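Breakdown of the fold
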Amino acid sequence: MNGKVFIVGSGPGSEGMLTQRAREVIDAAEVVLYDQLPGEEILSSLPEDAELIDCGKYGGNHTLEQDEIEALIVDRARVGKQVVRLKGGDPFMFGRGGEELETIRQAGIEAELVPGITSAIAVPASVGIPLTHRRFASQVTIMTGHEDPTKPESALDWSLLARSRGTIVILMGVKNLSKITGLLVKNGRSGTTPVAIIERGFRADQRVTVGTLEDIGEKAVVAGVKPPAVIVIGDVVTLYDPAYPPLIPF
Ligand code: SAH
């Protein structure tokens, strides 16, 4: 008999942000496939008697390709195991969870989804930046910064993004930050639009760097900004006030 696969979001990084359902299914798992995004606090609480597969370091130091991860999930479920596929944030927000669900369904295996709190919303919130606010923004766009924004077949509509008056949130955007801010300005967004970068949200060493579309690229280089980080663009960023302590406990 086939086992079951749980596609689980771990939330933005601290154990307190795991849902009760996530905790339950993780504790009962026979196999857990994970990467590093959930963070040390959650990864150190995985069940010791389960088979723990680090998708970034399988069999020595090999980073598993997406199809290899999916093959392992199906393989373990086919021998009757309860399998948890653990992902940072919400599994369907840029986590390739949607692709994994397709494969699991094609294999005829039962699946359950455990949503997680996405970093896109929770990380800015944790430093006092609400993505919407009656005075500043009535819409939000969440985009990946991972695709090379200068490639001709970009799936992103830069002209629309530049013209939209709401908040833009970028995940996986550190590497391409200057290209992205440059394209937004080139397409008409004001260079003085405020930008915040929040690195390592929900970790004790989280850090916030603020600037504008014009200068944030340079500021990020000077500060040595590194992933994982959430980038927020828009007037809501003016609500960030470093004089206040973080809104979450460490
Ligand atoms: N599914 C995840 C996102 C996966 S993409 C979610 O819903 O949060 C990975 C990106 O998420 C990172 O490059 C970074 O942009 C963001 N991210 C996830 N956790 C983060 C954290 N604790 N602090 C800052 N950024 C984070």
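Here the structure is a predicted model, which is why all the values come from computation and not from measurement.

1. Notes on the pairing of strand β10 (residues 229–233)
Among the 5 residues that make up β10, 5 are buried, leaving the element largely enclosed by the rest of the structure. Side chains of β10 alternate between two faces, with Ala229, Ile231 and Ile233 and Val230 and Val232 buried alike. Relative to β10, strand β7 (residues 167–171) runs antiparallel, the two being bridged by 4 bridges. Bridging from a neighbouring strand, isoleucine 168 pairs with isoleucine 233 of β10. The pairing of strand β8 (residues 194–199) with β10 spans 5 bridges and is antiparallel.

2. With respect to the domain arrangement of the chain
Along its sequence, the chain is carved into domain 1 (4–114) and domain 2 (119–239). When each unit is reduced to the centre of its C-alpha atoms, the spacing between domain 1 and domain 2 is 28 Å. The partner domain 2 presents 12 residues to the 10 residues of domain 1 that form the contact. In total, about 760 Å² of surface goes out of reach between domain 1 and domain 2, with carbon and sulfur atoms giving 75% of it. Of all residues in domain 1, Pro12, Met93 and Phe94 give up the largest surface area on contact with domain 2, accounting jointly for 66% of the area buried on that side. At the boundary of domain 1 with domain 2, the tally comes to 0 salt bridges.

3. Structural notes on the sheet that holds β8
In spatial order, the strands read β6-β7-β10-β8-β9; together these 5 strands make up an open sheet with mixed pairing. Here the strands that pair on one side only, and so sit at the sheet edges, are β6 (140–144) and β9 (207–212). Taken pair by pair, the neighbouring strands of this sheet meet at an average axis angle of 20 degrees, ignoring direction. Contacts from helix α5 (residues 119–126) reach β6, β7, β8 and β10 within the one sheet, and its direction differs from that of β10 by about 80 degrees.

4. Let's talk about the site of the ligand
In the vicinity of the ligand lie 19 residues, with Pro12, Met93, Thr118, Ser119 and Ala229 positioned nearest. Aspartate 90 places a polar main-chain atom, nitrogen or oxygen, 2.8 Å from a nitrogen atom of the ligand. Breaking the shell around the ligand down by element, the ones donating at least two residues are α5 and β10. Grouping the amino acids of the shell around the ligand by side-chain chemistry returns 11 nonpolar, 5 polar and 3 charged. Here the shell around the ligand spans two domains, and each of domain 1 (4–114) and domain 2 (119–239) adds at least three residues to it.

5. Section: the environment of valine 210
Structurally, valine 210 is set in strand β9. Residue classification places valine 210 among the partly exposed residues on the basis of a relative accessible area of 35%. Taking the C-alpha atoms as reference points, valine 210 and threonine 238, 28 residues apart in sequence, are found 9.4 Å from one another. Valine 210 has contacts with Val195, Ala196, Ile216, Lys219, Val237 and Tyr240, leaving out every residue within four places of it along the chain.

6. Focus on unusual backbone geometry
Backbone geometry follows two general trends: most residues other than glycine have a negative phi, and most peptide bonds adopt the trans configuration. A cis amide bond links proline 227 to the next residue, proline 228, at an omega of 0 degrees. One can find proline 228 in the loop between α8 (216–223) and β10. One non-glycine residue, phenylalanine 202, adopts positive backbone phi at about 65 degrees. As for its placement among the helices and strands, phenylalanine 202 is situated in the loop between β8 and β9.

7. Observations concerning the environment of asparagine 2
Following the sequence through the fold, asparagine 2 ends up in the segment before β1 (4–9). According to the relative accessible area criterion, asparagine 2 is partly exposed, its value standing at 34%. Residues asparagine 2 and proline 47, spaced 45 residues apart in sequence, show a C-alpha to C-alpha distance of 21 Å. Ignoring sequence-local partners within four residues, the contact set of asparagine 2 consists of Ala77, Arg78, Gly80, Gly108 and Ile109.

8. Let's talk about the sheet that holds strand β2 (residues 31–34)
Remark on secondary structure: sheet strands pair via backbone hydrogen bonds, oriented parallel or antiparallel. Spatial strand order, β3-β2-β4-β1-β5: 5 strands in an open sheet with parallel pairing. Of all strands in the sheet, those with a lone pairing partner are β3 (51–54) and β5 (110–114), marking the two edges. Neighbour to neighbour, the strand axes of the sheet diverge by 15 degrees on average, direction disregarded. In the sheet, β2 pairs with strand β4 (residues 82–87) via 4 bridges, with the strands oriented parallel. Following the sheet pairing, leucine 33 is matched in β4 by arginine 85. The strands touched by helix α3 (residues 66–78) within the sheet are β1, β2, β3 and β4, with β4 carrying the most contacts at an inclination of about 155 degrees. Against the sheet, helix α4 (residues 97–106) makes contact with β1, β4 and β5, and its axis sits at roughly 175 degrees relative to β1, the strand it touches most.

About the thresholds
Residues numbered from 1 in each chain as written. Predicted model: local features only at pLDDT ≥ 70, side-chain atom pairs only at ≥ 80, totals over all residues. Heavy atoms only, no water. Buried < 20%, exposed > 50% of the residue type's maximum accessible area, 1.4 Å probe, protein only. Helix = DSSP H or I, 4+ residues; strand = E, 2+ residues; numbered from the N terminus. Pairing = 2+ DSSP bridges. Domains from an automatic or database assignment. Contact = heavy atoms within 4.5 Å. Buried area = accessible area lost by both parts, 1.4 Å probe. Salt bridge = Lys/Arg side-chain N within 4 Å of Asp/Glu carboxyl O. Axes fitted to C-alpha atoms, helices over the stretch in contact; angles between N-to-C directions. Near = heavy atom within 4 Å. Polar contact = N/O pair within 3.5 Å; in protein donor to acceptor, adjacent residues only side chain to side chain. Nonpolar A, V, L, I, M, F, W, Y, C, P; charged D, E, K, R; others polar.

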